[in-house]
Amino acid sequence: MTDNADIEAAWTRLEALAQPTLQQLFEQDDDRAETMGHRLEFDLGELGQVGMLVDFAKTHLDAGALDAFEALAKARGFDAARSALFEGGIVNPSEGRPATHAAMRGSGTPADVEEGEALLARMDMLVEAIHGGALGEVKHLIHIGIGGSALGPALAIDALTRDLKFVDTHVVSNIDGLALEQAFDACDPATTLIAVASKTFTTTETMTNAASALKWLGENGVPDPGGRVVALTANPERAVEWGVDETRILPFPESVGGRYSLWSSIGFPVALAVGMEDFRALLAGARAMDVHFREAEGRANLPLLAAFADRYYARARGCQTRAVFAYDERLALLPDFLQQLEMESNGKRVTADGRPVDEPTAAVTWGGVGTDAQHAVFQLLHQGTHMVPVDFIASIAPGDELDPAHHRNLLMNCLAQGAALMAGKASDDLARDYPGDRPSTTFLLDDCDAATLGALIAFHEHRVFANAVLMGINPFDQFGVELGKHIAKQIDSGEGEFDPSTTRLMEVAGLR
Ligand code: F6P
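Residues numbered from 1 in each chain as written. Predicted model: local features only at pLDDT ≥ 70, side-chain atom pairs only at ≥ 80, totals over all residues. Heavy atoms only, no water.

K.L.:
Break down the overall build of the chain for me, with residues and values.
P.N.:
Per the secondary structure count, the chain includes 19 helices and 11 strands. For the chain, the C-alpha radius of gyration of 24 Å lies close to 24 Å, the compact-globule estimate for 512 residues. When the backbone C-alpha atoms are referred to their principal axes, the chain occupies close to 75 × 60 × 55 Å. Scored against the burial criterion, the 512 residues of the chain give a buried share of 52%. Sequence-distant contacts, at least 24 apart, represent 75% of the contacts inside the chain between residues at least 6 apart. For the chain, the exposed surface amounts to about 22400 Å²; the carbon and sulfur share of it is 52%. (Helix = DSSP H or I, 4+ residues; strand = E, 2+ residues; numbered from the N terminus. Rg over C-alpha atoms; globule rule 2.2 N^0.38 Å. Buried < 20%, exposed > 50% of the residue type's maximum accessible area, 1.4 Å probe, protein only. Contact = heavy atoms within 4.5 Å. Areas by Shrake-Rupley, 256 points an atom, 1.4 Å probe, with all protein chains shown as cover.)

Here it is as structure tokens:
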């Protein structure tokens, strides 16, 4: 149950708090590095270990702010909302659905977990059969999907297959034919499988790319192109109509949202590329984070604590953006993945019960890889007029086998940036003056393996959910993407009224 008076009281309290600088916070509390830097450790048995230090010490959260945020979480009914998430409650009211993505990795109602296990067993059989040669020699996979049906697989494959393990995989999302042509150039049609990943099995980009991929197989001497297709979808009937044999359809439930679907059949290309053992480690790492999120209370719950910082900067400090920098080439696609996760989930203007939102919702999420980004965009972070909260993500274990100087330099740079943003450096010459007091959170992973990646992604899913609860919005719908799709169809058919600018552009582009 939410309590409006208590919500307002918590924000009044937060906004009335003194705003010490980061330096002052460290001066006030000798133990701040320890009390705000939390170590998470999960033992996954034979599937491995997860260890990470999540350091919030360089955020402006102090005891007063944390007390007020805990009061806000209580007033927003956080405990009940969290239970509903794991217990099949209708947490997506606009579509009348639960959100069961965590059940795919073993966290949810017994019925949902059982369904997840059955779907995983089906995927396991197909992956092992393909690895065993049941579909002939398979050297390449072209995975066709977009948004949530592409970003999670692309991230996991890029992170976990730096050394080719099983199948060379290419994720194609853009309807620009150039993207698909590039994948064709890298694959031998005789040994290529096509995965068509679409929750709805109606998305124009995906269906157009899938049809072209089949045509390419046929034109290049593959006798039964349809027999080389695997469908990953929550709409198996549509996949059958489209021509995919039922034995090669891996379904998943409607209650798994697109941007949360990596754990479901949409993870098939990951499993095919890295093998089932690593895929299970990915799931187990995520499940361990579920357990932490379910059980830890208040500020000890790290995804919730991260959401406290997000809400603080968005509302109390007016920060409109948040930047994520992966100081690890294996996590190069993490900013893209988080961008969809956060902006499609929490970029809303209405509350879950249909009233206008009266506070800033999701920060514009952006980022890149360190150290490249340092030499391109960090100028603004250090001296621009915006305050941009930054997340740094690095792994203690290197991904490369070159001279250890590479990795040492990478880590040094990561830590130096957080320190510089906070400390600043005064100069009489304003052009050389760094104001400092700029916040950051650092995720220092023991390693960047499958289990840790799973835990890191689940951390962010829960952080997004916690943010949504603190704002009272529904993170599981995305009606905002529909209007543009509808107008694209109108442009295609030529039916409909268009503004003069669009009409002229249509004419010049040859669309009319
Ligand atoms: O247009 C947005 C969206 O619906 C995303 O939410 C989704 O991840 C993506 O398109 C792809 O949708 P589908 O998996 O149904 O093809």
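Still more ground to cover, so stick around.
K.L.:
So what about the side chain of Arg311? Which residues, and what values?
P.N.:
With respect to the helices and strands, Arg311 occurs in helix 13 (residues 302-316). A distance of 3.5 Å separates polar atoms of two side chains, one belonging to Arg311 and the other to Glu359. Among the polar contacts listed, one links the side chain of Arg311 to the backbone oxygen of Pro360, at a separation of 2.9 Å. Once residues lying within four places of it in the same chain are set aside, the contact partners of Arg311 are Trp11, Phe69, Ala316, Glu359, Pro360, Thr361, Ala362, Asn467, Leu470 and Met471. (Polar contact = N/O pair within 3.5 Å; in protein donor to acceptor, adjacent residues only side chain to side chain.)

K.L.:
Any chance you could break down the layout of surface pockets for me, citing the residues and the numbers?
P.N.:
Its boundaries defined by the atoms lining it, the largest pocket holds a volume of some 1100 Å³. If you go around the largest pocket, you meet 38 residues; those closest to its centre are Thr200, Thr203, Val481, Glu482 and Lys485. Elements that contribute at least two residues to the lining of the largest pocket include exactly helix 9 (204-219), helix 14 (334-346) and helix 18 (482-493). Among the elements that make up the lining of the largest pocket, the one with the highest residue count is helix 18 (5 residues). Looking at the lining of the largest pocket, its residues break down into 10 nonpolar, 17 polar and 11 charged. The wall of the second largest pocket is formed by 23 residues, among which Thr2, Arg76, Ala81, Ala352 and Gly472 lie closest to the centre. Looking at the lining of the second largest pocket, the elements with two or more residues in it are helix 5 (78-86) and helix 17 (450-471). Within the lining of the second largest pocket, the residues separate by chemical class into 14 nonpolar, 6 polar and 3 charged. (1 Å grid on protein atoms, 1.4 Å probe; cavity = no way out; pocket = protein on both sides within 12 Å on 5 of 7 lines; lining within 4 Å. Points joined across faces, edges and corners; volume = space filled by probe spheres on them. Nonpolar A, V, L, I, M, F, W, Y, C, P; charged D, E, K, R; others polar.)

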